[in-house]
Amino acid sequence: MEYLPQLLFAVALVIGIGYFARNVKKLMRNIKLGRAMDVSDNKSQRWKNMTMIALGQSKMVKRPIAGFLHVVVYVGFVVINIEVLEIIIDGLTGKHRVFSSAGSIYGFLIGTFEILAVLVFVSVVIFWLRRNVIKLKRFLSSEMKGWPKSDGNMILYFEMVLMTLFLVMNATDLKFQAMDSGNIISQYITPWFSNFSEHSIHLIERSAWWFHILGILVFLNYLYFSKHLHILLAFPNTYYGKLTPKGQFENNEAVTKEVKMMMDPNVDPFAAPPEGAEAAVPAKFGASDVQDLSWVNLLNAYTCTECGRCTSECPANQTGKALSPRKIMMDTRDRLEEVGKNIDSNKGSFKDDGKQLLGDYITNEELWACTSCNACVEACPVSIDPLNIIMQMRQYLVMEQSAAPMELNNMMTNIENNGAPWPYNQMDRLNWKNE
Amino acid sequence: MSELLKVPTMAEFMAAGKQPEVLFWVGCAGSFDDRAKKITKAFVKLLNKANVEFAVLGTEESCTGDPAKRSGNEFLFQMQAVTNIEVMNAYEIKKIVTACPHCFNTIKNEYPELGGNYEVMHHTQFLKTLLSEGRLTIEGGQYKGKRITFHDPCYLGRANQVYEAPRDLIRKLDAELVEMKSCKSRGLCCGAGGAQMFKEPEKGNKDINVERTEQALETKPQIIAAGCPFCNTMMTDGVKNKEKENDVAVMDIAELIANAQDL
């Protein structure tokens, strides 16, 4: 009986972490459904990017208000979680505040956590106001209706509750208050409970302690189902982010092979294919579904936290077109989840469900509205590249389906015939000199 | 034309057994578009004035393939690229300058993987070098104190991080450089990129070039400076849409400098 709380704690911990680990495995499997892509180059630059952009939040602060509040929540989250270590040790050993023997250092740490808890709470309330009262435009787009909206608020509620529980836990811990070190905020909350008996206060303290740690475990498991995955994936995502100039679009190797063959005068067009080549499936040009995209595209999709900075900078979106880069990322993730579930329910292999990313999620109209201006890529605080997905899908539309808008087909015919997007003769290219 | 432009071709250089200092990649707009041809000529005047030994490919030049690639026709793009690279490698081209950010970006970033490795400069970078080397001088003259705002071309700015060269040139004109609320890395697209130039815009509530022109007009400029023939067209149309064509001129940086020199 004496060990029951410890036992319960251990069980909660194993279930909480175990279920999360299971979902992380699923997440990694889903990401690996993407096309292979070599990103083993330039490790030092990649580490630098991760340190600056994810750890250092360098792109978050481009928008000062949201950026500042985000840094507060981020630092608070990371630092306060040091406390979780103590809670876990306490929970497993049945001790109480095992680190408190460290004396003034302990007081300093807890004092810091308390201040951060208040700052996080205030920031989160402001975030909530921005979403629900001030109603910033980028949180109201059509793709943000329903689950994405409640998801955003849910995360904020979680954080408010966790921070409150932390402070209440400290405030009702009379032994901790008696130490009078580190209770920099909670000492002002303690008086609220002055009418309670010592026993009730102890009960409140125990409840707050339990709900705090259980809340953290639930929140951890909520991540997989939420846009909030970015707190973990921002790190690998910034590491694997694009290093080449933004204007340099990927070279399609499958096409290069074809072009080289066409340009090679030694190739016999009527030659029989080499032994065994008949069975090879011809390369598919571009992407119509998530499996055609690269695994980095798919990692991008899971990393997106739907902040909408991309969409608010998008010239097409600003002028009322159907395109929203954020929606491209959300659609990619939704479809990937659908494909993942399909694989789960079909014993590990994907069964054609008659759906695909193109058409069922992302429309041609969205794809053709893009000006390829890179504003979305520039705006993303965690190095997501929606433009790369758009371009792969355009490739599929044009090279597999010949489904470009008519004017673009004319333009391409001109380039093919006379080396310019307009119907001018190549032989007239230098006429300007004498005009 | 009062004086004749000196525009030698690569073929002529080759015949004379010489290599030019730089290849001027004119681009399709610069060759065929009436407005862009003026930019081409202004730039050539500056090259002539600075005694730069340059050459053009002339009839051997062909579209870089940028609009094809951005439309999704990777096949056509690579055919264009490989053909152009073959021509340029045969002439042993080392250095290229162009007044079109799309050509600039494509040749600089996307040709290397297909076998074309060149030093590529945008004409604003090249002009800046000529100035710093003392081969060209600018007298502010007619633009002194004029309010000029610069519209960043996406494929020069965000795509390749070139923000200062065009601005430095405007400052050299003794003009007052006024920035739009979204400029440099946050500059709004003119609406022409990604092959939009060649198609009608998708359904929306406004044209992108009008939106961008409104941002430019907020700075109360006398001149909207551009560094891209497509941006130039889009902004010119935007200014007309706002019925401001009598008050606000849209001009390429090369034209501003050539005019300042009375060329």
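Definitions and limits used
- Residues numbered from 1 in each chain as written.
- Chains lettered and ligands numbered in written order.
- Predicted model: local features only at pLDDT ≥ 70, side-chain atom pairs only at ≥ 80, totals over all residues.
- Helix = DSSP H or I, 4+ residues; strand = E, 2+ residues; numbered from the N terminus.
- Rg over C-alpha atoms; globule rule 2.2 N^0.38 Å.
- Buried ≥ 20, exposed ≤ 12 C-beta atoms within 10 Å, placed from the backbone.
- Contact = placed C-beta atoms within 7 Å.
- Domains from an automatic or database assignment.
- Pairing = 2+ DSSP bridges.
- Right-handed = clockwise from strand over helix to strand, strands pointing away.
- Axes fitted to C-alpha atoms, helices over the stretch in contact; angles between N-to-C directions.
- Nonpolar A, V, L, I, M, F, W, Y, C, P; charged D, E, K, R; others polar.
- Parallel < 35°, antiparallel > 145°, perpendicular 65-115°, else oblique.
- Core = buried A, V, L, I, M, F, W, Y, C linked by C-beta atoms within 7 Å.
- Left-handed = near helix turned anticlockwise from the far one by under 90°.
- pLDDT = per-residue confidence, 0-100.

### Things to note about the overall build of chain A
Link 1 in the chain: Of the regular secondary structure elements, chain A holds 19 helices and 0 strands.
Link 2 in the chain: Compactness check: chain A gives a C-alpha radius of gyration of 28 Å against a globular reference of 22 Å for 435 residues, more than 25% above the reference.
Link 3 in the chain: Taken along the three principal axes of its C-alpha coordinates, chain A extends 95 × 60 × 40 Å.
Link 4 in the chain: Buried positions account for 38% of the 435 residues belonging to chain A.
Link 5 in the chain: Summarising the internal contacts of chain A: among those between residues at least 6 apart in sequence, 76% fall at separations of at least 24.

### Observations concerning the domain arrangement of chain B
All names here are of chain B.
Link 1 in the chain: Its domain assignment divides chain B into domain 1 (10-130) and domain 2 (138-260).
Link 2 in the chain: Summarising the inter-unit geometry, the C-alpha centres of domain 1 and domain 2 are found 22 Å apart.
Link 3 in the chain: Taken together, the contacts link 26 residues of domain 1 with 26 residues of domain 2.
Link 4 in the chain: Of all the secondary structure elements, the ones that give two or more residues to the side of domain 1 that touches domain 2 are α2 (27-32), α3 (34-49), α4 (66-71), α6 (101-110) and α7 (123-132).
Link 5 in the chain: Here the side of domain 1 that touches domain 2 takes 8 residues from α3, the largest share from any one element.

### Quick notes on the domain arrangement of chain A
Residues and elements named next belong to chain A.
Link 1 in the chain: Taken domain by domain, chain A comprises domain 1 (4-31 + 63-228) and domain 2 (253-269 + 282-424).
Link 2 in the chain: Across the boundary between the two partners, domain 1 contributes 12 residues, which contact 16 residues of domain 2.
Link 3 in the chain: Counting residues per element, the side of domain 1 that touches domain 2 draws most heavily on helix α1 (residues 4-31), which supplies 4 residues.

### A few points about the pairing of strand β4 (residues 119-122) of chain B
Residues and elements named next belong to chain B.
Link 1 in the chain: In the sheet, strand β3 (residues 95-98) pairs with β4 via 4 bridges, with the strands oriented parallel. Paired with Lys95 across the bridge in β4 is Glu119.
Link 2 in the chain: In this region the chain leaves β3, passes through α6 and returns to the parallel neighbour β4; the handedness of that crossover is right-handed.

### Description of the sheet that holds strand β2 (residues 54-55) of chain B
All names here are of chain B.
Link 1 in the chain: The 4 strands are arranged β2-β1-β3-β4 in an open sheet whose pairing can be described as parallel. Only two strands of the sheet have a single neighbouring strand rather than two, namely β2 and β4.
Link 2 in the chain: In this structure, strand β1 (residues 22-25) lies alongside β2, joined through 2 bridges in parallel fashion. Bridge assignment links Val22 to a residue of β2, and that residue is Phe54.

### A few points about the sheet that holds strand β8 (residues 249-252) of chain B
All names here are of chain B.
Link 1 in the chain: The strand order across the open sheet formed by 4 strands is β6-β5-β7-β8, and the pairing between neighbours is parallel. The sheet is open, and its two edges are formed by β6 (176-177) and β8, each paired on a single side.
Link 2 in the chain: Seen against the sheet, helix α10 (residues 229-241) touches β7 (223-226) and β8 and runs at an angle of roughly 175° to β8.

### Notes on unusual backbone geometry
Link 1 in the chain: Even without being glycine, A:Ser372 reaches a positive phi, approximately 55°.
Link 2 in the chain: Classification of A:Ser372 by C-beta neighbours within 10 Å gives buried; the count is 25.
Link 3 in the chain: A positive phi angle, close to 55°, is found at B:Asn51, a residue other than glycine.
Link 4 in the chain: One can find B:Asn51 in the loop between α3 and β2.
Link 5 in the chain: For B:Asn51, a count of 11 C-beta atoms within 10 Å corresponds to the exposed category.

### Considerations on the interface of chain A and chain B
Link 1 in the chain: The partner chain B presents 58 residues to the 58 residues of chain A that form the contact.
Link 2 in the chain: At the level of secondary structure, the elements contributing two or more residues to the side of chain A that touches chain B comprise α10 (253-263), α13 (315-318), α16 (364-368), α17 (375-379), α18 (386-400) and α19 (406-418) of chain A.
Link 3 in the chain: Residue composition of the side of chain A that touches chain B, grouped by class: 30 nonpolar, 16 polar and 12 charged.

### Some details on the packing of α1(A) against helix α11 (residues 295-303) of chain A
All names here are of chain A.
Link 1 in the chain: Contact pair α1 / α11: the axes reach a minimum separation of 8 Å and the direction vectors enclose 140°. What the angle tells us is that α1 and α11 run oblique. Residue-level contacts link Leu27, Asn30 and Ile31 of α1 to Trp295, Leu298, Leu299 and Tyr302 of α11.
Link 2 in the chain: When its residues are assigned to classes, the contact of α1 with α11 shows 6 nonpolar, 1 polar and no charged.

### A short note on the nonpolar core
Link 1 in the chain: Judged by nonpolar contacts, the single largest core of 146 residues is most densely connected at A:Met393, B:Leu23, B:Leu46, B:Ala225, B:Met235, B:Ala254 and B:Ile257.
Link 2 in the chain: Beyond its immediate stretch of four places on either side in the chain, B:Leu23 contacts B:Met10, B:Phe54, B:Ala55, B:Leu57, B:Ile93, B:Lys95 and B:Ile96.
Link 3 in the chain: Counting 25 residues, the second-largest nonpolar core is a separate cluster that includes A:Val73, A:Leu116, A:Ile155 and A:Ala171.

### Regarding the packing of α1(A) against helix α8 (residues 198-222) of chain A
All names here are of chain A.
Link 1 in the chain: α8 packs onto α1 with a crossing angle of 15° between their chain directions and a minimal axis gap of 9 Å. Considered as vectors, α1 and α8 are oriented roughly parallel to each other. In this structure, the crossing between α1 and α8 has a hand that is left-handed. On the side of α1, the interface is formed by Ala12, Gly16, Tyr19 and Phe20, while α8 contributes Leu214, Leu217, Leu220 and Asn221.
Link 2 in the chain: Of the residues that constitute the contact of α1 with α8, the class distribution is 6 nonpolar, 2 polar and no charged.

### What to know about the environment of A:Leu156
Residue and element names in this part refer to chain A.
Link 1 in the chain: Considering the arrangement of structural elements, one finds Leu156 in helix α6 (residues 147-171).
Link 2 in the chain: With 20 C-beta atoms packed within 10 Å, Leu156 lands in the buried category.
Link 3 in the chain: With 45 residues separating them along the chain, Leu156 and Gly111 place their C-alpha atoms 23 Å apart.

### Examining the pairing of β3(B)
Link 1 in the chain: Pairing geometry for β1(B) and β3(B), over 3 bridges, is parallel. Considered in β3(B), the bridge of B:Trp25 is made with B:Thr98.

### A word on the confidence of the model for chain B
Link 1 in the chain: Confidence in the prediction for chain B averages 96 pLDDT; 98% of positions are at 70 or higher.
Link 2 in the chain: Scored as a complex, the prediction yields pTM 0.95 and ipTM 0.96.

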